[in-house]
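# Reading the structure
What follows is the residue order along each chain.
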Amino acid sequence: RRRMPTPSRPNQPIDPNCWPSPPPFTSMPSAHSSGPVLKVLIFDDELHAKAPQYRVPCIDLQIYENADDATQHVHRERPHVVLMDYSMQGDKNGADALAALHALRAHHALPLRLIAISGSTESNRQMLAVGADDAVPKTHVRAYLSRLAERAGHTPHLSSPKGRL
């Protein structure tokens, strides 16, 4: 499988056909434990309605419809990864929530990755500018979660619409 470079700065073009490498874990969770080993929070109203499609065996996945209480959820749950959409129902958009999470991460030294998952390249650029570590096209979220599971040492038995990732 050939890896394509992904942007890490807002002024670089975002290739909608690639997604970032899974985060470098400071302490790699063990896939041999008896439950989920990674905690991932997703803030996206569209994916909330399709939550069962995004379940991966070794990931404790929580999907929220809006980002209004994102800082409270992240502070309480201490996830490894947060995926944030730009446009959602509620009072706070993804860029505002990511900026608040970026400050929370710095203040509490939380070892988490903040990933923008908008379907719009411009929205992803805006979220990279306020603190997102990387951007994943919304159509690739399921594959990104599978790669997170693989990185943690678990091989999920998922198939993409074409039968392979």
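Here the residue numbers are simple positions, counted from 1 along each chain's written sequence. Per-residue local features are limited, in this predicted model, to residues with pLDDT of at least 70; the limit for side-chain atom pairs, both in listing and counting, is 80 or more; totals at the level of whole chains, interfaces and linings are taken over all residues. Each side-chain value is derived from all of the structure's non-hydrogen atoms; neither hydrogens nor water enter the calculation.

## What about unusual backbone geometry?
Applied cut-off: Put simply, DSSP marks the helices as runs of H or I at least four residues long and the strands as runs of E at least two long, and each gets a number from the N terminus on.
Backbone geometry places Arg78, a non-glycine residue, at a positive phi of 50°. Mapping Arg78 onto the fold places it in the loop between helix H2 (70-77) and strand E3 (81-84).

## What to know about the side chain of Asp45
Heads up, the rule is: By the criterion applied in these results, polar contacts are pairs of N or O atoms within 3.5 Å in which, for protein atoms, one can donate a hydrogen and the other can accept it, and in which residues neighboring in sequence qualify only through two side-chain atoms. What makes two residues a contact is simply this: any of their non-hydrogen atoms within 4.5 Å.
When you line up the elements, Asp45 lands in helix H1 (residues 45-49). In terms of polar contacts, Asp45 uses its side chain to reach the backbone amide nitrogen of Gln89, at 3.4 Å. Not counting the four nearest positions on each side in its chain, Asp45 is found in contact with Tyr64, Glu65, Asp85, Ser87, Met88 and Gln89.

## Some points on the confidence of the model for the protein
Applied cut-off: Per residue, pLDDT measures the predictor's confidence, with a range of 0 to 100.
Summing up the model confidence of the protein, the mean pLDDT is 77 and the portion of residues at 70 or higher is 71%. Element-level pLDDT for the protein is lowest in H1, with a mean of 86, against a maximum mean of 95 in E3. In the predicted structure, residues 1-32 sits below a pLDDT of 50 and forms 77 contacts with residues beyond four places in sequence or in another chain. Within the model, pLDDT remains below 50 along residues 157-165, and this stretch shows eleven contacts once partners closer than five positions in the same chain are excluded.

## Focus on the pattern of salt bridges
Test applied: Salt bridges are counted wherever a side-chain nitrogen of Lys or Arg sits within 4 Å of a carboxyl oxygen of Asp or Glu. The classification of residues rests on relative accessible area computed with a 1.4 Å probe and restricted to protein chains. Under 20% of the type maximum is buried, over 50% is exposed, and intermediate values are partly exposed.
Applying the stated rule across the entire model yields eight salt bridges. As a salt-bridge pair, Arg76 and Glu77 come within 3.2 Å of each other at their nearest N and O atoms. Ionic pairing is found between Asp134 and Arg113, a salt bridge with its closest N-O pair at 3.4 Å. Taken together, the residues span a long stretch of sequence, with Asp134 in strand E5 (residues 134-135) and Arg113 in strand E4 (residues 113-116) at a distance of 21 residues. Just as Asp134 is buried, Arg113 falls in that class too. Three or more residues joined by partner-sharing salt bridges are found here, namely Lys39, Asp60, Arg76 and Glu77.

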